[in-house]
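Below are the chains, spelled out letter by letter.
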Amino acid sequence: MRTRPLRTLTWMVLAAGCGLGRGDGPTDGSGGRLAPGDHEITLRHGGRNRASLVHVPATARSARALPLLLAFHGGGGEASGFRDYAGLDALAEREGFVVAYPFGSGILPRLLLTWNAGANCCGWALDNGIDDVGFAIALIDEISRRVTIDPRRIYATGHSNGSMMAYRLAAERADRIAAIVPVAGAMDLPNFAPSRPVPVLHIHSLDDPRALYEGGLGPPFPGTNRRVDHQPVEAALQRWRQRNGCATGADTAETRRGASGTPDAGQSALRLVWRCSGASVEHWQLRGSGHGWPGNPDIGLREELIGPPTTLVNAAAEAWRFLSRHRR
C-alpha cells in the first residue's frame, strides 16, 4: 500500500477512537455472565480496544466447569471469517466447550488483522510490538470471570499466522495453556523456554504454497509486497520434542488416501506420533493439499492463491480429539 492510503486509513482508525485512552479491562458494558449462545466481548489491553467473539455451549447451564479453546484467525483475516470456516462452533456445542475467536490488530479494526507471533510474523502487529500474548491471557481471565471455565483445560489452535500465535502463547505461557493444535503455520520464536512440557498436534501440508513446509521466503501477501521468512515445520517440532522428552523416531499411527474420483484424489495424510515422557507430540503430515483449513472444501477462487482444499482431515475434529485428552 502506498503512503497516502496508509495515512488515510490511520486517520480513519484514530477518528473512530481505536487505540486511544488509558487503562485495561472490560469495555463491553454489562460485564455480566455469558449465557449459552454467541457473544462479542471487548476489553482494554495495552491501551487498545481488543475484542473477541465467544460461543458458549448449552451445557454452560450446568454447574460444571467447561474447557476453553482460543482459536486465532490467519494473517490478513479476522475472527468472524475464521469462525465461519473452522467448524468449531458446532463441535463446541456437541462436546461442551467454550470457543473464543479473538480479533488481531491492524490499521483498521476489523480488516487485514495480524498477530505478533514471533521474530518474522506478521505485519502490523509485529511492526508495532503488540502484546498479543498478554491480550490472550487477559481474554482468558475475562471469559473465566463470565463463564465457569476449568483452568486445567485451556487450549489454543489457529490457522497460518494464528497457528504461529498458538505456538507463541504455549511457549511463553505454558503455565496457563494445557495443549495446542497449530495448523498451517510453523513456530517462529528465537527464544524458546516453556516452563513445562505442552502437548502439541501440528497439522500442515508438505505442498503448502504459502507457509512453506521446508521453510524459506513465502510469496507476498495478496495486494502487498510483504513476505514472511517461514521456519521449517520439522525444526519447530524438534524443539517441542526435546522439551517434551520424546523419542527420536515417530510411529505412523494412521494413513489416509483420497479416493479416486473425489476432490481428494491424489492426496494423502499421515498421522505421526512420537513416544514422549513429558507431553504428547503428534503431526498430521498432508500431501497434495494447500494452505487452507483442512475439512473446509469451500475455498472458491482462493485456490489459485492457497492451493487445493482437502477433506481427508477435518482440522476441527482432529484438534478436539487431541486436545480433549489433555489437562494441565
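Parameters at a glance
Residues numbered from 1 in each chain as written. Predicted model: local features only at pLDDT ≥ 70, side-chain atom pairs only at ≥ 80, totals over all residues. Heavy atoms only, no water. Phe/Tyr/Trp six-rings, centres within 6.5 Å; stacked < 30°, edge-to-face > 60°. Helix = DSSP H or I, 4+ residues; strand = E, 2+ residues; numbered from the N terminus. Buried < 20%, exposed > 50% of the residue type's maximum accessible area, 1.4 Å probe, protein only. Disulfide = S-S within 2.5 Å. Polar contact = N/O pair within 3.5 Å; in protein donor to acceptor, adjacent residues only side chain to side chain. Contact = heavy atoms within 4.5 Å. Core = buried A, V, L, I, M, F, W, Y, C linked by side-chain atoms within 4.5 Å. Salt bridge = Lys/Arg side-chain N within 4 Å of Asp/Glu carboxyl O.

1. What about the packing of aromatic side chains?
Stage number 1. Per the stated rule, a full pass over the model turns up seven aromatic pairs.
Stage number 2. Plain terms: the ring middles of Phe97 and Trp320 are 4.0 Å apart, the flat faces sit at 20° to each other, and that makes the pair stacked. Pair noted here: Phe97 is in the loop between helix H3 (88-95) and strand S5 (98-102) and Trp320 is in helix H9 (residues 315-323), with a separation of 223 residues, a long-range link. Residue Phe97 shares its accessibility class with Trp320, and that shared class is buried.

2. Brief notes about the state of the cysteines
Stage number 1. Per the counting criterion, the structure on display carries two disulfides.
Stage number 2. The side chain of Cys121 participates in a disulfide bridge whose partner is Cys122; the two sulfur atoms lie 1.2 Å from each other.
Stage number 3. Judged by relative accessible area, Cys121 falls into the buried class, the value being 1%.
Stage number 4. For Cys122, a relative accessible area of 1% corresponds to the buried category.
Stage number 5. Sequential numbering of the bridged cysteines in the protein chain gives the disulfide pattern 1-2, 3-4.

3. Here we look at the side chain of Thr114
Stage number 1. For Thr114, the position within the fold is in the loop between S5 and helix H4 (123-127).
Stage number 2. We classify Thr114 as buried; its relative accessible area is 7%.
Stage number 3. Here the side chain of Thr114 touches Cys122 through a polar contact of 3.0 Å, landing on its backbone oxygen.
Stage number 4. Not counting the four nearest positions on each side in its chain, Thr114 is found in contact with Gly75, Gly76, Gly104, Ser105, Cys122, Gly123, Trp124, Ala125, Asp132 and Asn161.

4. Let's talk about the nonpolar core
Stage number 1. By size, the foremost hydrophobic cluster in this structure holds 52 residues, and its most contacted members are Leu68, Leu70, Phe72, Ile143, Leu169 and Trp240.
Stage number 2. When sequence neighbours within four positions are dropped, the list of residues in contact with Leu169 reads Leu70, Phe72, Val133, Ala136, Ile137, Ala156, Ala174 and Ile177.
Stage number 3. Ranked by size, the runner-up nonpolar core spans 35 residues in total, among them Ala51, Val99, Ala179 and Ala184.

5. Some details on the pattern of salt bridges
Stage number 1. Applying the stated criterion across every chain, the model contains 20 salt bridges.
Stage number 2. One salt bridge connects Glu318 with Arg256, and the closest N-O pair in it is separated by 3.2 Å. Residue Glu318 is located in helix H9, and its partner Arg256 is located in strand S11 (residues 246-257); the two are separated by 62 residues in the primary sequence.
Stage number 3. Overall, Glu318 belongs to the buried group, its relative accessible area being 9%.
Stage number 4. Connected via shared salt-bridge partners are Glu254, Arg256, Arg271, Glu282, Glu318, Arg321 and Arg325.

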